[in-house]
8 protein chains.
Amino acid sequence: LRQGFPEVILGLGKTPEQVVEILKLVKDRNHPVLATRCNDEIIEKVSKEIPEAEIHELARCITLYRDKVKIPEGMGKVLVISAGTGDLPVAEEAVLTLQMLGNPVEKLYDVGVAGIHRLFENYEKLLDARVLIVIAGMEGALASVVGGLVDKPVIAVPTSVGYGVSFNGLAALLGMLNSCSAGIGVVNIDNGFGAAFLANSINRIGRNVKK
Amino acid sequence: LRQGFPEVILGLGKTPEQVVEILKLVKDRNHPVLATRCNDEIIEKVSKEIPEAEIHELARCITLYRDKVKIPEGMGKVLVISAGTGDLPVAEEAVLTLQMLGNPVEKLYDVGVAGIHRLFENYEKLLDARVLIVIAGMEGALASVVGGLVDKPVIAVPTSVGYGVSFNGLAALLGMLNSCSAGIGVVNIDNGFGAAFLANSINRIGRNVKK
Amino acid sequence: LRQGFPEVILGLGKTPEQVVEILKLVKDRNHPVLATRCNDEIIEKVSKEIPEAEIHELARCITLYRDKVKIPEGMGKVLVISAGTGDLPVAEEAVLTLQMLGNPVEKLYDVGVAGIHRLFENYEKLLDARVLIVIAGMEGALASVVGGLVDKPVIAVPTSVGYGVSFNGLAALLGMLNSCSAGIGVVNIDNGFGAAFLANSINRIGRNVKK
Amino acid sequence: LRQGFPEVILGLGKTPEQVVEILKLVKDRNHPVLATRCNDEIIEKVSKEIPEAEIHELARCITLYRDKVKIPEGMGKVLVISAGTGDLPVAEEAVLTLQMLGNPVEKLYDVGVAGIHRLFENYEKLLDARVLIVIAGMEGALASVVGGLVDKPVIAVPTSVGYGVSFNGLAALLGMLNSCSAGIGVVNIDNGFGAAFLANSINRIGRNVKK
Amino acid sequence: LRQGFPEVILGLGKTPEQVVEILKLVKDRNHPVLATRCNDEIIEKVSKEIPEAEIHELARCITLYRDKVKIPEGMGKVLVISAGTGDLPVAEEAVLTLQMLGNPVEKLYDVGVAGIHRLFENYEKLLDARVLIVIAGMEGALASVVGGLVDKPVIAVPTSVGYGVSFNGLAALLGMLNSCSAGIGVVNIDNGFGAAFLANSINRIGRNVKK
Amino acid sequence: LRQGFPEVILGLGKTPEQVVEILKLVKDRNHPVLATRCNDEIIEKVSKEIPEAEIHELARCITLYRDKVKIPEGMGKVLVISAGTGDLPVAEEAVLTLQMLGNPVEKLYDVGVAGIHRLFENYEKLLDARVLIVIAGMEGALASVVGGLVDKPVIAVPTSVGYGVSFNGLAALLGMLNSCSAGIGVVNIDNGFGAAFLANSINRIGRNVKK
Amino acid sequence: LRQGFPEVILGLGKTPEQVVEILKLVKDRNHPVLATRCNDEIIEKVSKEIPEAEIHELARCITLYRDKVKIPEGMGKVLVISAGTGDLPVAEEAVLTLQMLGNPVEKLYDVGVAGIHRLFENYEKLLDARVLIVIAGMEGALASVVGGLVDKPVIAVPTSVGYGVSFNGLAALLGMLNSCSAGIGVVNIDNGFGAAFLANSINRIGRNVKK
Amino acid sequence: LRQGFPEVILGLGKTPEQVVEILKLVKDRNHPVLATRCNDEIIEKVSKEIPEAEIHELARCITLYRDKVKIPEGMGKVLVISAGTGDLPVAEEAVLTLQMLGNPVEKLYDVGVAGIHRLFENYEKLLDARVLIVIAGMEGALASVVGGLVDKPVIAVPTSVGYGVSFNGLAALLGMLNSCSAGIGVVNIDNGFGAAFLANSINRIGRNVKK
Ligand SMILES: Nc1ncnc2c1ncn2[C@@H]1O[C@H](COP(=O)(O)O)[C@@H](O)[C@H]1O
Ligand SMILES: Nc1ncnc2c1ncn2[C@@H]1O[C@H](COP(=O)(O)O)[C@@H](O)[C@H]1O
Ligand SMILES: Nc1ncnc2c1ncn2[C@@H]1O[C@H](COP(=O)(O)O)[C@@H](O)[C@H]1O
Ligand SMILES: Nc1ncnc2c1ncn2[C@@H]1O[C@H](COP(=O)(O)O)[C@@H](O)[C@H]1O
Ligand SMILES: [Mg+2]
Ligand SMILES: [Mg+2]
Ligand SMILES: [Mg+2]
Ligand SMILES: [Mg+2]
Ligand SMILES: [Mg+2]
Ligand SMILES: [Mg+2]
Ligand SMILES: [Mg+2]
Ligand SMILES: [Mg+2]
């Protein structure tokens, strides 16, 4: 464990008891901690047992830390773009992870391709970011459009939003992997955490550059 | 067979001999005819045996008729939009079918999402059309973008252009079926003919409307 | 938002609170509104909070408007054909959407291919329509049969009705995309809304034709 | 090996040498023999080496026998129905197998669903048969239509005819397995032989019934 | 509806109210009736509302008739073979359907390939049947083994019994369609009804044969 | 590289030049070597350039060694069972690999489930082996049958033999993984080498057991 | 049933009543018995009805025996390696099965590839085992890494741990079947029992070797 | 087109004539150019028509430029890691693209997981890089192992190397997307170009950082 780096717990597949136990353990080690993919049972149990834990309903996440995470020098802005309402939990998981890892975050939500003008109205946000995370379900076309507008690293997160032949995010994943905009890195369906983790490792390059 | 309506032959899976035979038969009945999906062997054989047949290399099609097809009154423009070079054969198959069926056609080629500005520069073409056919491979995002810009009937044709997880057009097909732009009708992969056929039946509504 | 055009909300993946909130918002703007894919919780909540909202149980939809939608001049009939009992919710979603968008609708239900004579007994309904929507699950053969009987635009909606290798509508979707009847436009599984939206844009051509 | 029952060789995956060798062996045992799925190389080699072998080009089959197969008492007619030109090789493989096994065969070709009236014009053929084999590619809807018209055993053979999402016959297979007409037995894609084999075992029931 | 032929209702996807309503309707027409795929709610509701209905728990079926079905002259035995305990509901659905349609039925249960000797110990049952239905999940090998032992019509029913890559019956389905034993007719996963329906139409040949 | 252990080269995806080069290199190191998956070009080139190399046509393999491989003490017999003619190349690849690794090999070919009696006639061979490799395409049922007859380690190799929904070996693979006979280890499609490698590591246990 | 060999019951798909009944039956025959895949209802019912039954919560298993299983002479150690917390139920099912079959078991848990150093720190455990079982979900890379480190029989069990394109264990299964480390035998997803069964049959070779 | 930035042509799906034409056009504009996925026909034609073009056989690429690309200040090393011989063309395509875009490149080839020690022996190369590209076919486990060893951005490229259930790279793709090592960005199968493009956009961050 690196100094200051938060511990991350994947709530998915863990019992509320297990999550509480790990949270307490890490807390005692005086370490910031983030738990993702927490269902209602986990959230309820943690709220009761560890009142100082912060619950992030929409993101289905829990955080626990003593001192607010400081943004290290040299970090650029990470822009988190999402297509529709259903993509919000994944977007918020990414945002929270980015913040816990010390990244300044900008959000641009609800700019799906069906109303593409909203994206263009916020063009300066795209220009202002160092790394972009694009989160979309259904056909995932938003990643291609964003990728075509910037020359910066774009990380695409397909989400399970949709029905029928969206196949729980597979259609969006395939769309993103086949994007005609070159150089988009794709992560697993709904994996907001993974995208943020990668964005952070990219963003830190600015920090490590010998001036 | 309706009066003036061309006969259509699917070359795929037919021997050059079979295609020549059918072409001659229909020609003798003095009927316009269109053969699609003709490979090199078919084209060579037909060129030799029926010199008056018109070869459309890029479209992989053959036409044969006595009098040029007349555009019936009341028909609107059909706009055929395609994403990249690889989509041209499918686009041209659609164009040819539309023309043989008596539709005025406008083309807008090479406006893939990676260079989306080219699409916007031609926005008036979109406004000018009655029906739009969007042809794209890879992730097929172009259909969503076009669908978001107009309120007219949009027919989407996924193409087998791409590699890896494009799965010979499946990714584009799924993208189009899941489009966040409402009301796009999708046809089989590479089926330029089917899209044109549907566009024609839509366009004819203008003709049939009692004034 | 175009004048008189209803707002459409996709209930799927929204909480009852979210749906109520949006409905109230749009209602205050004095705009007709249609909510699709509303589950029991949404319907219950809306019934309680917005008593003037109209519940359409079978269609799983909610509508809310002040003045009944007027059918614009020049609109033709849209015929909604369905195969079996299980397809009714999708068919009714299409019907409701069509009506909210100002289309005269005719229904022809329960005419699956296993009892094909019922379809033929209603042949005049097919002749009488301007656009046809065919809704079927299992193997989806109804679309091919209808497509073979008419020269009009046919929109096919595969449904998730079936079991085993129906794969929740995939078999019907593939059947419709591969239809040997040319020129059928296909939408996503269970997407009655999308089919109606496309049918409306086609039907409006009659309206827009310059006389 | 039962008395009079022909030996069957699957040519697929065998070298011309292997096929010739087996044919000679069986011939020496004075046994009727049928070789299916024979490619050009096999056919050429056999023609040269065993001139008395009968080549069935369209069916891609070879037969070799001394005395013409006799149709046993009690056998009914097997009707082989096919949808389009591309299905002919599979249909002919079925016909040949049926004949080699001693079944009277009736053919009804080119009655695909897009021109369904041709099927109805031959309705008496359906009534006249004891067992029906339906052979179709693309969406395979023909099986459902036939199954809805008769109460007799129907065996469906999906073929690899089609392109795009026909997935080499998979779409037709799924269509047939999901048929809303009850009681259709399905065999592997392009398996005309297997369908004929099953039809024969059904037809023989008539023979075996104790009067 | 043919004289004496039972009405069949597919319970799957119907509400208890709908099933009760149809049952009462058919009963009033004095017609035998079979309802398949009835879940607990349907069974409970029917038990209460129509006490004379017969519940078949294991088969998940309901029957309702006045006079016991008579077995017509000329019918042979149908043997229903199943592999394991999990296949019983499908097997019993087939048995019940066969009986309602007037077929003498023999059962041979729990003879899966892992203990193949049990099948051989009952070899005379195989010889005694006119038609065989083989019901198996997991890898479905039982169909191949039975098909290799008899020359009679074999109908194979894959079941959704299994886990992991059984893919809810897909593995068994593929196994049966690829069987190296020629001439097996396959129906949809868990479709005991369809297999019985086909077996009945085959068995009736014996009845219809002109003596 | 362990003493005496042969080097193995995967010919698939290598040019003839590359294979020749590696073969010469290893030969110079005086090491036995086996090349698998060698196509005609590789075989031709190697025959010409390294005349002392041994070509195994059917197995598509090449071997090259100075001293014949000795069978170490304590090794048991490995029985290689295959279903049909098409499986022979895979079976022979397994046999050759086993021999190069120092295992006594017994063969039992052409015992597919459609003629299951041939397997039973050779029952003593099953009893006599220490490890069994079962190689089958199509539905792969042979693995289940063999697994049900013995308590020894069974390794199953699905082959790409078949057509239609055999999906190039996928059906056989799924069948083997779902086998109702417990404890069968499965390898990749057509991977005779891998099965032999595993069988050898199992067989060597006998050698390593401290007596 | 061999002397001393435990009876094994698959709880999956059985009612609590069925499991209790079988357990009592086998117990009366004075036979050790293992029930796998037991859900909460089964466990509760068995605890109440058969108090002497031993419940293994984590493994979802139940055992029942009179005398502790003795480890036969000649058996080596089986090492059960697992990647993460989610894999524990499968790992414990394997361990329990191995023990019931008389194998000495060593465990090496939580050594997933993301923290590969933990595996290397326990290298001597790998050297000490006769057979290895590797249990992993997600991408299943652990099997390849372990397979590359040892020359012993490795059995790989993919688990359904993961989300998105883990497809409930399919990704891990494919990874293991494609492993670049030669000679890994793979079993069905989550099939800890099957892996243990195979490991036992391998381990017993040591026992059977004639000294 | 940005100053100095090379034009990139995808050779796949283009005729030799088309490639030559585009190459000449760009060359005349005095712009560096890279053509990827060039088959033998393209390479031959270009060699003849544009002798100054540089052919990269292994990478299947062609480059054409006047002045050698300069590496801009602030760029870090990109490490390209590959698993086996078959992955070389993809690796070389990545290397060439990186160089054309002005990145210092380090190579680490042939370090597949089956011989993992080779990777560890080169650990300092991993430490020395700013961005890592991991290229592997079969099960793609190499990406997980590398991702577990470093905290830097890792881009994974699945390749179509393998056979059977490698499904032309799908297994590797799924493995990489499911990696238990957090924060790996994945591109399409065989897309060495895309990975390099993304790596370059990441590497340039160092350049753009305001010091
Ligand atoms: N939402 C998430 N999606 C994918 N991986 C995650 C997620 N949250 C946490 N992880 C990973 O899971 C690890 C923790 O797993 P565990 O030890 O099972 O709690 C973290 O170090 C992350 O690498
Ligand atoms: N049943 C439906 N299926 C597919 N799309 C729908 C459906 N109902 C509404 N939509 C689309 O979803 C949009 C509303 O999405 P939202 O803003 O998330 O409520 C509408 O404008 C429609 O384009
Ligand atoms: N278990 C079943 N599986 C498949 N089809 C069935 C089943 N039970 C009944 N059917 C078919 O469904 C029809 C009745 O459908 P419905 O009118 O919706 O009740 C019957 O006539 C049968 O053809
Ligand atoms: N037929 C085969 N199938 C699968 N793997 C093989 C085969 N033949 C050889 N191999 C493996 O491929 C390795 C050699 O690969 P290479 O260094 O590319 O020649 C051998 O050590 C084996 O592990
Ligand atoms: Mg870009
Ligand atoms: Mg639109
Ligand atoms: Mg039509
Ligand atoms: Mg029928
Ligand atoms: Mg048989
Ligand atoms: Mg066994
Ligand atoms: Mg190893
Ligand atoms: Mg890392």
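The paragraphs below set out a description of the structure included in this document. (Residues numbered from 1 in each chain as written. Chains lettered and ligands numbered in written order. Predicted model: local features only at pLDDT ≥ 70, side-chain atom pairs only at ≥ 80, totals over all residues. Heavy atoms only, no water.)

1. Overview of the arrangement of the chains
Nothing in chain A touches chain E; the tightest C-alpha to C-alpha distance between them is still 15 Å. Chain A shows no contact with chain F. Their nearest C-alpha atoms sit 21 Å apart. (Contact = heavy atoms within 4.5 Å.)

2. Examining unusual backbone geometry
The phi torsion at M138 of chain D lies on the positive side, around 45 degrees, for a residue other than glycine. Tracing the backbone shows M138 of chain D in the loop between strand 7 (131–136) and helix 6 (141–149). A positive phi is found at R37 of chain G, a non-glycine position, where the angle reads about 50 degrees. Take R37 of chain G: it is sitting in the loop between strand 2 (33–36) and helix 2 (40–49). (Helix = DSSP H or I, 4+ residues; strand = E, 2+ residues; numbered from the N terminus.)

3. Description of the site of ligand 1
In the neighbourhood of ligand 1, the contacting residues comprise V8, I9, L10, K14, T36, R37, E93, N191 and F193 of chain A, Y163 of chain G together with A182 of chain H. More than one chain reaches ligand 1: the nearby residues come from chains A, G and H. Separating an oxygen atom of ligand 1 from a side-chain N or O atom of K14 of chain A is a distance of 2.7 Å. Contact with the protein chains removes 71% of the 500 Å² of surface that ligand 1 exposes when unbound. At three residues, strand 1 (residues 7–10) of chain A tops the list of elements feeding residues into the shell around ligand 1. Considered class by class, the residues forming the shell around ligand 1 number six nonpolar, two polar and three charged. (Near = heavy atom within 4 Å. Polar contact = N/O pair within 3.5 Å; in protein donor to acceptor, adjacent residues only side chain to side chain. Areas by Shrake-Rupley, 256 points an atom, 1.4 Å probe, with all protein chains shown as cover. Nonpolar A, V, L, I, M, F, W, Y, C, P; charged D, E, K, R; others polar.)

4. Re the packing of helix 8 (residues 192–208) of chain B against helix 8 (residues 192–208) of chain C
The geometry of helix 8 of chain B relative to helix 8 of chain C is characterised by a closest axis approach of 7 Å and an angle of 30 degrees between their N-to-C directions. Classed by the angle they form, the pair helix 8 of chain B and helix 8 of chain C counts as roughly parallel. Regarding helix 8 of chain B and helix 8 of chain C, the two cross each other, and that crossing is right-handed. Contact with helix 8 of chain B, carried on its side by I202, I205 and G206 of chain B, involves I202, I205 and G206 of chain C of helix 8 of chain C and no other residues of that element. Among the residues forming the contact of helix 8 of chain B with helix 8 of chain C, the class breakdown is four nonpolar, two polar and no charged. (Axes fitted to C-alpha atoms, helices over the stretch in contact; angles between N-to-C directions. Parallel < 35°, antiparallel > 145°, perpendicular 65-115°, else oblique. Left-handed = near helix turned anticlockwise from the far one by under 90°.)

5. Things to note about the pattern of salt bridges
On inspection of all chains with the given rule, the structure shows 72 salt bridges over all chains. We note a salt bridge from K45 of chain C to E17 of chain C, for which the minimum N-O separation is 3.7 Å. Here E17 of chain C lies in helix 1 (residues 16–28) and K45 of chain C lies in helix 2 (residues 40–49), a separation of 28 residues in the sequence. Of the residues examined, K45 of chain C reaches a relative accessible area of 28% and is grouped as partly exposed. In this structure, K125 of chain C and E106 of chain C form a salt bridge, with 3.7 Å as the shortest nitrogen-oxygen distance. Of this pair, K125 of chain C sits in helix 5 (residues 123–128) while E106 of chain C sits in strand 6 (residues 105–108); the two residues are 19 residues apart in sequence, bridging distant segments of the chain. Residues participating in the shared-partner salt-bridge network are E17, K24, K45 and E49 of chain A. (Salt bridge = Lys/Arg side-chain N within 4 Å of Asp/Glu carboxyl O. Buried < 20%, exposed > 50% of the residue type's maximum accessible area, 1.4 Å probe, protein only.)

6. Some words on the packing of helix 3 (residues 88–100) of chain G against helix 8 (residues 192–208) of chain G
Residues and elements named next belong to chain G. Interaxial distance between helix 3 and helix 8 falls to 8 Å at its minimum, and their mutual angle equals 35 degrees. When you trace helix 3 past helix 8, the crossing you get is right-handed. Residues V90, E93, A94, T97 and L98 of helix 3 touch helix 8, and the partners they reach there are G192, F193, A196, A199 and N200. Broken down by class, the residue content of the contact of helix 3 with helix 8 amounts to six nonpolar, three polar and one charged.

7. What to know about the sheet that holds strand 4 (residues 61–64) of chain E
Residues and elements named next belong to chain E. An order of 1-2-4-3 is seen for the four strands of this open sheet, with the pairing classed as mixed. Edge strands, defined here as strands with exactly one partner in the open sheet, are strand 1 (7–10) and strand 3 (54–56). Ignoring which end each strand starts from, the neighbouring axes of this sheet average 15 degrees apart. With three bridges connecting them, strand 2 (residues 33–36) and strand 4 associate as antiparallel partners. Across the sheet, A35 pairs through a bridge with I62, a residue of strand 4. (Pairing = 2+ DSSP bridges.)

8. Notes on the interface of chain A and chain H
Contacts between the two partners involve 27 residues from chain A and, on the opposite side, 27 residues from chain H. Buried surface at the junction of chain A and chain H, summed over both partners, amounts to about 2200 Å²; 69% is from carbon and sulfur atoms. The three residues of chain A that bury the most area against chain H are D151, L177 and I205 of chain A, which together make up 23% of that side's buried surface. Across the chain A-chain H interface, the total number found is zero salt bridges. At the boundary of chain A with chain H, the tally comes to three residue pairs in polar contact (both at pLDDT 80 or more). Counting residues per element, the ones that place at least two in the side of chain A that touches chain H are helix 7 (170–177), strand 9 (184–186) and helix 8 (192–208) of chain A. (Buried area = accessible area lost by both parts, 1.4 Å probe.)

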